[in-house]
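# Examination of the molecular architecture
This is what each chain is made of:
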Amino acid sequence: MAVVLAIDAGTTSVRIVAVDEGGVVVDSSQQEFTQLFPRPGLVEHDPVEIREAVAGTLAVVRGRMEEAGTPIAAVGITDQRETIVAWNADTDLPLHRAIVWQDRRTTSRCEALRDLGHLDLVRETTGLVLDPYFSASKIEWLLTDGGVEADTSLRLGTIDSWLLWNLTGGRVHATEPSNASRTMLLDLATTAWSEEMCSLFGVPVSSLPEVRPSSGRFGMTCDGGPLQPGTPVSGIAGDQQAALFGQACFEAGEAKNTYGTGSFVLANMGSTLPDPVDGLLTTVAWTLAEGEPPTYALEGSIFATGATIQWLRDGLGIIDSASEVGPLAASVADTGGVYLVPAFVGMGSPWWDPRARGIIVGLTRGSGRAHLARAAVEAMAFQTRDVIDAVGRGGGPAITRLRVDGGASVMDLLLELQADLLDMPVTRSAVQETTALGAAWLAGLGEGFWSSTGELAGLWKAETTFRPTQDRQAAEVSYGRWLAAVERSLAWEQAD
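Residues numbered from 1 in each chain as written. Predicted model: local features only at pLDDT ≥ 70, side-chain atom pairs only at ≥ 80, totals over all residues. Heavy atoms only, no water.

### Remarks on the pairing of strand 23 (residues 426–429)
Rules: Buried, partly exposed and exposed residues are distinguished by accessible area as a fraction of the type maximum, computed with a 1.4 Å probe on protein chains only: under 20%, between the cut-offs, and over 50%, respectively. Helix numbering and strand numbering both begin at the N terminus, where a helix is a DSSP run of H or I of at least 4 residues and a strand a DSSP run of E of at least 2. For two strands to be treated as a pair, DSSP must find at least two bridges joining them. Place the viewer so that the strands point away; then a crossover is right-handed whenever the path from the first strand over the helix to the second strand goes clockwise.
Residues of strand 23 alternate between two faces, with V426 and R428 on one and T427 and S429 on the opposite face, all of them buried. Direction of pairing for strand 22 (residues 402–405) relative to strand 23: parallel, over a ladder of 3 bridges. In the strand pairing of strand 23, R403 is matched with T427. As for the winding sense of the linkage, the β-α-β connection from strand 22 through helix 12 (residues 412–422) to strand 23 is right-handed. Looking at chain direction, strand 23 and strand 24 (residues 462–466) are connected through 4 bridges and run antiparallel. Considered in strand 24, the bridge of V426 is made with F466.

### Brief notes about the sheet that holds strand 2 (residues 13–19)
How we decide: Axis definition: a line fit to C-alpha positions, over the contact stretch in the case of helices; interaxial angles, taken between N-to-C directions, run 0 to 180 degrees.
Read across the sheet, 6 strands follow the order 3-2-1-5-15-14 without closing on themselves; strand pairing throughout is mixed. Each end of this open sheet is capped by a strand with a single partner; those strands are strand 3 (25–32) and strand 14 (215–220). The average undirected angle you get between the axes of adjacent strands in this sheet is 25 degrees. The sheet contact formed by strand 1 (residues 3–9) and strand 5 (residues 72–79) spans 7 bridges and is parallel.

### Comments concerning the nonpolar core
Here is the rule we go by: The set of buried Ala, Val, Leu, Ile, Met, Phe, Trp, Tyr and Cys residues whose side-chain atoms join them within 4.5 Å is what this entry labels a nonpolar core. Contacts: residue pairs with any heavy atoms within 4.5 Å of one another.
Core analysis: the largest hydrophobic core is formed by 66 residues, its most contacted members being L185, F201, W441 and W450. The contact partners of W450, leaving out residues within four places of it in the chain, are V4, V19, D20, E21, A440, W441, G444, L445, E455, L456 and L459. The next biggest cluster of nonpolar side chains, apart from the first, holds 58 residues, and it includes L298, V341, A379 and A408.

### Section: the pairing of strand 17 (residues 263–270)
Among the 8 residues that make up strand 17, 8 are buried, leaving the element largely enclosed by the rest of the structure. Relative to strand 17, strand 16 (residues 255–259) runs antiparallel, the two sharing 5 bridges. Residue pairing in the sheet places T258 in a bridge with F264 of strand 17. Where strand 17 lies against strand 19 (residues 295–302), 7 bridges are found, and the strand directions are antiparallel.

### Digging into the pattern of salt bridges
Where we set the bar: Salt-bridge detection follows one rule: a side-chain nitrogen of Lys or Arg within 4 Å of a carboxyl oxygen of Asp or Glu.
Taken as a whole, this structure holds 27 salt bridges when the rule is applied. Two residues, R313 and D314, come together in a salt bridge whose shortest N-O distance is 2.7 Å. Ionic contacts of the salt-bridge type, sharing partners, join the residues R81, E82, R182, D239 and E299 into one network.

### A word on the side chain of E111
Along the chain, E111 turns up in helix 2 (residues 107–115). E111 has contacts with P354 and R355, leaving out every residue within four places of it along the chain.

### Focus: the packing of aromatic side chains
Counted only if it meets this: Any pair of Phe, Tyr and Trp rings, taking the six-membered ring for Trp, is counted once the centres come within 6.5 Å. Such a pair is stacked with planes under 30 degrees apart, edge-to-face with planes over 60 apart, and tilted for the rest.
Considering all chains together, one arrives at 18 aromatic pairs under this definition. Here the aromatic rings of Y133 and F134 are separated by 4.7 Å at their centres, their planes lie at 45 degrees, and the arrangement is tilted. In this structure, Y133 and F134 share a single accessibility class: buried. Considering the side-chain rings of Y133 and W352, the 6.0 Å spacing of their centres and the 25 degrees angle between planes classify their relative orientation as stacked.

### Comments concerning the state of the cysteines
How we decide: Disulfides are defined as pairs of cysteine sulfur atoms found within 2.5 Å of each other.
Summed over the entire model, instances satisfying the criterion amount to 0 disulfides. In this model C110 remains outside any disulfide bridge; the closest cysteine sulfur is found in C198, 15 Å from its own. On the basis of relative accessibility, which here comes to 2%, the residue C110 falls in the buried class.

### Quick look at helix 15 (residues 472–489)
What counts, and what does not: In this analysis, the expected span of each helix is defined as 1.5 Å times one less than the number of residues it contains. It is the directions from the helix axis to the C-beta atoms that the arc portrays.
Here helix 15 spans 26 Å end to end across 18 residues, near enough to the 26 Å set by a 1.5 Å rise per residue. When we look at burial in helix 15, the residues that qualify are A475, S478, Y479, W482, A485, V486 and S489. Along the axis of helix 15, the buried residues cluster in a sector spanning 110 degrees; they form a single face. Facing away from the buried surface of helix 15 by more than 90 degrees, the exposed residues are Q473, R481, E487 and R488. Next to the buried residues of helix 15 lie strand 20 (339–341), strand 21 (359–361), helix 11 (369–393) and helix 12. Two residues or fewer past helix 15, A491 is found with a positive phi of approximately 55 degrees.

Shown next as structure tokens:
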């Protein structure tokens, strides 16, 4: 039996996953790469290191597939979305470090554009808000302050485009609508680059990748690469849209949350472009074929969930490994009144305050490591409720259940808290690598490895469903105190 490979180029590591015809993950390889923090608020990656991590992990899985006599039918790519790379088409070398989605260097510029009255146009055209999270202001910075020149050899793209360029030997410079819709340069209604947005940020359209459907052949792998030359690269999606696809949320009103470095709630809104919803982003989920309408989604982007656990480990040293958080948090019945707002790089949905900063409130002499660990876990659930409530205020299809995945979703405590706070069932997928699974499904669908989304829906399996058990009044009181803590974190950092 053949397999489809998925390249999952995340924020802190690269993972390669092999998926068989039954939708089962049969092999994987992972490699972390360096996080670079030049100054407070700045986050960068080395694009060459990412490329080499992809090549190394692909070679490992390819070797095992060849040893087992298993052919590779196609490759899909999923990536960390808003992170931007600028490179030279003649040398295939980056012109600057990649500027990561977490980077806040363009906060003042985004505020200036808002003060000049551009927010309504940005919202109407792109579905996004004026925040340094997105790619456009990062590209503008590269071209004005980063030493990158807008000449004919300049290529710009999110990580998927950078990897596709390298896998195809520089023959294909392309992306697809889910990634493109995170740049703040795409017109959501047409799924084409917006000349008005490109003009606003001074981005040359000629340097941007071609926008193609998310499923379908982008190109073939080249000689001398980590895969057999001629292997089709046939599916691409941003990581959160890929997870929505991998969770088989194919119908309007179906939603998922991925608890990764950040948490990302996406709700399928169907093929009609929804009106903007306060506090949320409108994004393209995917386009399955040329000429087909895109599927849209509402998204709530939460900047720090897994990153909070990393901070407990690396910053405070109260745990030695991330796996300790769940048992430590469960060792106490509650937080003892402690609330942790992890606004390390500002607050995302539905607050959108880049000047918010993290706070801990409610400390007493009786507060200990376990209370802080539980407060960190509860913060994940609280922030998800923030987003689901905002989706409900939008007037679209009602969300009545939530499918979850990502590293932190292994914690039963988190999902029990989540079900109580949302007052709805929360289902953990049997496959945790839903981001990679979605990319594999898109690639396999593009090559006829799977026939339809109906077939894929039949492959999706639940592991466990958590149902509400807590008294509603207690849940509402706890959530109210969370909102009070958030208010104290907002606008903490003063403007320059």
